[in-house]
Amino acid sequence: AQLRRLPSRSESERQAELLALAQRLALAQDAHDRLARLTHQLLSLSRAAQSPFELSGAQPVPLADLIDEVVELLVEQALARAQDLGAETEPLAVAGSRWQLRELLSNLVDNAIHYTPEGGHITVRCGRDGGIAFVEVEDSGPGIAPAERDRVFERFHRVPGAAADGSGLGLAIVREIAQSHGAQIRLADATGGGTIVRVIFRSAADGPAADA
């Protein structure tokens, strides 16, 4: 029998195959990450909807500590997009569920990271306005048109023309958690462009109750 030899591949062909394999693996990893994020958000939304509690029996949740925790968790994600993610806080606590408020903040910041262009900035704040406690996230993204400001909190809704990947669940989770805390959400234009999402609480845990 005659031995047949397969033609040898050139170095450029081997490099092209390796590059194609790396690209397929990156696409698979991206699909896995998006599926994991969607699963987490669906579970968070379901858990928030099924975990009502009475504010009168809730524990004080320090907002500044919670903001620091969320910023530390997501700062690498922001740095990967060359974004400046920072915090401006003051000592303040509100009555509520720590895990729910952490989820609220995480979704607000994650949403801002995804919709803010590379090189932009995102600031997370907490404080009092007229004696009423609030937490807010300001970004330098494209902003939200007034006609879209009610719809962005609907499940699976995406702003028309949005280039960022996303499930459309982040702000729906924020609304669910805000409602469970008797809080209001307000959207405003940021100075110089972008959006401010402010969550206004009915009362601070260390002060008298006040309607928002």
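Residues numbered from 1 in each chain as written. Predicted model: local features only at pLDDT ≥ 70, side-chain atom pairs only at ≥ 80, totals over all residues. Heavy atoms only, no water.

1. Description of helix α4 (residues 170-180)
Applicable threshold: Each residue is placed in one exposure class: buried if its accessible area under a 1.4 Å probe, protein chains only, is under 20% of its type's maximum, exposed if it is over 50%, and partly exposed if it falls in between. Under the DSSP-based scheme used, a helix requires at least four consecutive residues in state H or I and a strand at least two consecutive residues in state E, with every element numbered from the N terminus.
With eight of its eleven residues buried, α4 lies for the most part within the structure. Residues Gly170, Leu171, Ala172, Ile173, Val174, Ile177, Ala178 and Ser180 constitute the buried set of α4. Phi turns positive one or two residues past the end of α4, at Gly182, with a value near 65 degrees.

2. Concerning the environment of Val75
Considering the arrangement of structural elements, one finds Val75 in helix α2 (residues 63-79). In sequence terms Val75 and Leu85 are ten residues apart; their C-alpha atoms lie 6.4 Å from each other.

3. Focus on the environment of Gly141
Let me state the cut-off plainly: Any pair of residues with heavy atoms lying within 4.5 Å of one another is described as a contacting pair.
Along the chain, Gly141 turns up in the loop between β5 (132-139) and α4. Judged by relative accessible area, Gly141 falls into the buried class, the value being 12%. A sequence separation of 53 residues divides Gly141 from Gly194, and the C-alpha atoms of the two residues are 4.4 Å apart. Sequence-distant contacts of Gly141, that is, excluding residues within four places in its chain, are made with Tyr115, Thr116, Pro117, Gly193 and Gly194.

4. A few points about the sheet that holds strand β2 (residues 84-88)
Our working rule: Should DSSP find at least two bridges between two strands, the strands are regarded as paired. Every axis in this analysis is a line fitted to C-alpha atoms, fitted for helices over the stretch in contact. Angles between the N-to-C directions lie between 0 and 180 degrees.
Taking strand neighbours across the sheet as the criterion, the five strands line up as β2-β4-β5-β7-β6 in an open arrangement whose pairing is mixed. Strands with a single pairing partner mark the edges of an open sheet, and in this sheet they are β2 and β6 (184-189). Averaged over all pairs of adjacent strands, the angle between their axes in this sheet comes to 15 degrees, without regard to strand direction. Along the sheet, helix α3 (residues 98-115) contacts β2, β4 (121-129), β5 and β7 (195-200); its crossing angle with β5, the most-contacted strand, is approximately 25 degrees.

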